Amino acid sequence: SQTIHQWPATLVQPVGSPLSLECTVEGTSNPNLYWYRQAAGRGLQLLFYSVGIGQISSEVPQNLSASRPQDRQFILSSKKLLLSDSGFYLCASQGGSKYEQYFGPGTRLTVT
Amino acid sequence: GQQVMQIPQYQHVQEGEDFTTYCNSSTTLSNIQWYKQRPGGHPVFLIQLVKSGEVKKQKRLTFQFGEAKKNSSLHITATQTTDVGTYFCAGFRGGGRGSTLGRLYFGRGTQLTVWP
């Protein structure tokens with residue numbers, strides 16, 4: 001089965017600072033990778049997805065960006081954080097012949 | 001665009017009562033998946049339904065997929081405190097027959113609270 005690693009688990013950053021969240025996947029090759037954001041008590045908002053190295057699709061225009069430098073590595077970045085970027089960021093992987101997604105433990109980001 | 005609506009948003013029940021959450025899509029889905037997120041945790045895959053009218057059971061949980069493949073429900077019989085969490089449905093729309101390429105459209109979730 002797949003294992004999704006995310007770090008850090010929690011992060012407090014000031015407004016205007018940069019951001020880099022990393023996600024790595026074990027147990028599958030060439031997965032589809034996803035970044036979601038979840039506001040407190042709310043649903044999952046898809047931010048980016050990738051079907052391969054260097055292939056990124058953006059769902060919501062914003063000051064965030066994503067990159068996939070390696071097959072099983074997915075990075076979420078921002079040059080300047082906004083207060084509205086606070087939330088719970090989840091990386092997910094869908095691989096092989098499976099349709100279901102496996103989620104990482106998430107990063108709780110608070111922008112102050 | 002693709003939307004998956006889920007109701008209710010919140011449900012508070014006493015332990016032993018039943019619970020149901022409903023999911024409805026504006027378009028036909030390739031399959032529907034259900035996830036559970038415990039408080040403070042991340043979503044965990046529960047089950048996938050693929051066929052029209054399909055019904056699957058996991059112990060006290062019963063999942064149904066509608067005949068038109070546009071709606072689904074999750075029913076929990078005799079809830080327990082361990083059932084607490086948010087239940088999400090997610091509709092999958094893929095790139096073609098048998099293709100796993102595609103994306104999931106998540107409902108907003110139903111937050112279940114169970115008091116003893």
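Chemist: What is the right way to look at the overall build of chain B in this model?
Modeler: For chain B, the count of helices and strands is zero helices and 11 strands. Secondary structure elements of chain B, listed N to C terminal, follow the sequence β-β-β-β-β-β-β-β-β-β-β. Taking 2.2 N^0.38 as the reference for a compact globule, 116 residues should give roughly 13 Å; the C-alpha atoms of chain B span a radius of gyration of 14 Å, in line with that estimate. Projected onto its principal axes, the C-alpha coordinates of chain B cover approximately 45 × 25 × 20 Å. When each of the 116 residues of chain B is scored for burial, the buried share is 47%.

Chemist: I'm lost on the interface of chain A and chain B in this one. Help?
Modeler: It is common to give the size of an interface as the accessible area that goes away when the parts come together. With 24 residues of chain A in contact, the opposing surface of chain B contributes 22 residues. Buried surface at the junction of chain A and chain B, summed over both partners, amounts to about 1,800 Å²; 53% is from carbon and sulfur atoms. Area buried by chain A at its contact with chain B is led by Leu44(A), Tyr99(A) and Phe103(A), which between them contribute 33% of it. At the boundary of chain A and chain B, one finds zero salt bridges. If you look at where chain A meets chain B, you find four residue pairs in polar contact (both at pLDDT 80 or more). For the side of chain A that touches chain B, the secondary-structure elements that each account for two or more residues are β4 (32-38), β5 (44-52) and β9 (87-94) of chain A. It is β4(A) that contributes the most residues to the side of chain A that touches chain B, four residues altogether. In the side of chain A that touches chain B, the residues fall into 10 nonpolar, nine polar and five charged.

Chemist: Which parts of the structure should I look at to understand the packing of aromatic side chains?
Modeler: The description of an aromatic ring pair uses the distance of the two centres, along with the angle that the planes make with each other. Summed over the entire model, instances satisfying the criterion amount to 13 aromatic pairs over all chains. Here Tyr36(A) and Phe103(A) contribute two aromatic rings whose centre-to-centre distance is 5.6 Å and whose plane-to-plane angle is 40 degrees, an arrangement assigned as tilted. Taken together, the positions of Tyr36(A) in strand β4 and Phe103(A) in strand β10 (residues 102-103) put the pair 67 residues apart, joining distant regions of the chain. Both residues of the pair, Tyr36(A) and Phe103(A), count as buried. For the ring pair Phe103(A) and Phe106(B), a centre distance of 6.1 Å and an interplane angle of 75 degrees mean the geometry is edge-to-face. With one member in each of two chains, Phe103(A) in strand β10 and Phe106(B) in strand β10 (residues 102-106) form a pair that bridges those chains. Grouping residues by exposure puts Phe103(A) and Phe106(B) together as buried. An aromatic cluster is defined as three or more aromatic residues linked by ring pairs; in this entry it consists of Tyr34(A), Tyr36(A), Tyr49(A), Phe103(A), Tyr35(B), Phe45(B), Phe88(B) and Phe106(B). One residue, Arg108(A), lies across the ring of Phe88(A), its end atom 3.9 Å from the ring centre.

Chemist: Is there a simple way to think about the sheet that holds strand β3 (residues 19-26) of chain A in this case?
Modeler: All names here are of chain A. If you walk across this open sheet you meet the four strands as β1-β3-β8-β7, and the pairing is antiparallel. Where the open sheet ends on each side, the last strands, each with one partner, are β1 (3-7) and β7 (64-70). Here the average twist between neighbouring strands, direction ignored, is 20 degrees. Judged from the five bridges that link them, β1 and β3 form a sheet pairing that is antiparallel. Counted as the bridge partner of Gln6 is Cys23 from β3.

Chemist: Help me understand the pairing of β10(B), please; the structure alone is not making it clear to me.
Modeler: Walk down a regular strand and you will see the side chains alternate between the two sheet faces. Residues and elements named next belong to chain B. Burial of β10 is extensive: four of the five residues sit out of reach of the surface. With five bridges connecting them, strand β9 (residues 85-94) and β10 associate as antiparallel partners. From the neighbouring strand, Gly94 faces β10, where its bridge partner is Gly102.

Chemist: I tried to follow the environment of Thr20(B) on my own but got confused; where do I start?
Modeler: All names here are of chain B. Topologically, Thr20 is positioned in strand β3 (residues 19-25). Along the chain, Thr20 and Leu112 lie 92 residues apart, while their C-alpha atoms are 9.7 Å from each other. Setting aside residues up to four positions removed in sequence, Thr20 forms contacts with Pro8, Ser73, Leu74 and His75. Polar contacts involving the side chain of Thr20 include one to the side chain of His75, which spans 2.6 Å.

Parameters and conventions
- Residues numbered from 1 in each chain as written.
- Chains lettered and ligands numbered in written order.
- Predicted model: local features only at pLDDT ≥ 70, side-chain atom pairs only at ≥ 80, totals over all residues.
- Heavy atoms only, no water.
- Helix = DSSP H or I, 4+ residues; strand = E, 2+ residues; numbered from the N terminus.
- Rg over C-alpha atoms; globule rule 2.2 N^0.38 Å.
- Buried < 20%, exposed > 50% of the residue type's maximum accessible area, 1.4 Å probe, protein only.
- Contact = heavy atoms within 4.5 Å.
- Buried area = accessible area lost by both parts, 1.4 Å probe.
- Salt bridge = Lys/Arg side-chain N within 4 Å of Asp/Glu carboxyl O.
- Polar contact = N/O pair within 3.5 Å; in protein donor to acceptor, adjacent residues only side chain to side chain.
- Nonpolar A, V, L, I, M, F, W, Y, C, P; charged D, E, K, R; others polar.
- Phe/Tyr/Trp six-rings, centres within 6.5 Å; stacked < 30°, edge-to-face > 60°.
- Lys NZ or Arg CZ within 6 Å of the ring centre and 35° of its normal.
- Pairing = 2+ DSSP bridges.
- Axes fitted to C-alpha atoms, helices over the stretch in contact; angles between N-to-C directions.

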